[in-house]
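# Observations on the three-dimensional arrangement
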Amino acid sequence: EAGIVKDYTGLDGCGLLIVLDKGENLEPISIPADVTLTDGQRVSVKYRIKNDRASACMAGYIVEIVSLRYL
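Treat the numbers as computed from the prediction; the structure is a model and nothing was measured.

Cut-offs used in this document
- Residues numbered from 1 in each chain as written.
- Predicted model: local features only at pLDDT ≥ 70, side-chain atom pairs only at ≥ 80, totals over all residues.
- Heavy atoms only, no water.
- Core = buried A, V, L, I, M, F, W, Y, C linked by side-chain atoms within 4.5 Å.
- Buried < 20%, exposed > 50% of the residue type's maximum accessible area, 1.4 Å probe, protein only.
- Helix = DSSP H or I, 4+ residues; strand = E, 2+ residues; numbered from the N terminus.
- Contact = heavy atoms within 4.5 Å.
- Disulfide = S-S within 2.5 Å.

## Some remarks on the nonpolar core
Residues V5, I18, L20, L26, V35, L37, V43, V45, V63, I65 and L68 constitute the largest nonpolar core, which totals eleven residues. Of all the secondary structure elements, the ones that give two or more residues to this core are strand 2 (16–20), strand 4 (42–49) and strand 5 (61–70). The leading source of residues in this core is strand 5, at three residues. Ignoring any residue separated from it by four or fewer positions in sequence, one finds L20 in contact with E1, A2, G3, L26, V45 and Y47.

Printed below as a string of structure tokens:
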């Protein structure tokens, strides 16, 4: 799915999130070792939702990034 990396550092407990084009927010808890998230970067992402994790941010789905490609 396509989206854009956004910096939500101003929200309690948040950092970089991926905002999908369909409007959903993804809060990555793990990303591949060769990936660096940069605010404003367009990406295509594959992910797994991790319902067994809690977050202080609470601004989107907690996910494990399976693969990510820069657009």
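Text resumes after the structure shown.
## Remarks on the state of the cysteines
When the sulfur atoms of two cysteines share a covalent bond, that bond is a disulfide. Per the counting criterion, the structure on display carries one disulfide. Residue pairing for C14: its cysteine sulfur links by disulfide to C57, the two sulfurs lying 1.8 Å apart. Taking the torsion about the S-S bond as the criterion, the C14 to C57 disulfide, at about 90°, is right-handed. Here C14, found in the loop between strand 1 (2–7) and strand 2, pairs with C57, found in the loop between strand 4 and strand 5; they are 43 residues apart in sequence, far enough to count as distant. The two residues C14 and C57 agree in class, both being buried.

## Details of the environment of S44
Within the fold, S44 resides in strand 4. For the pair S44 and G3, spaced 41 residues apart in the sequence, the C-alpha separation amounts to 6.4 Å.

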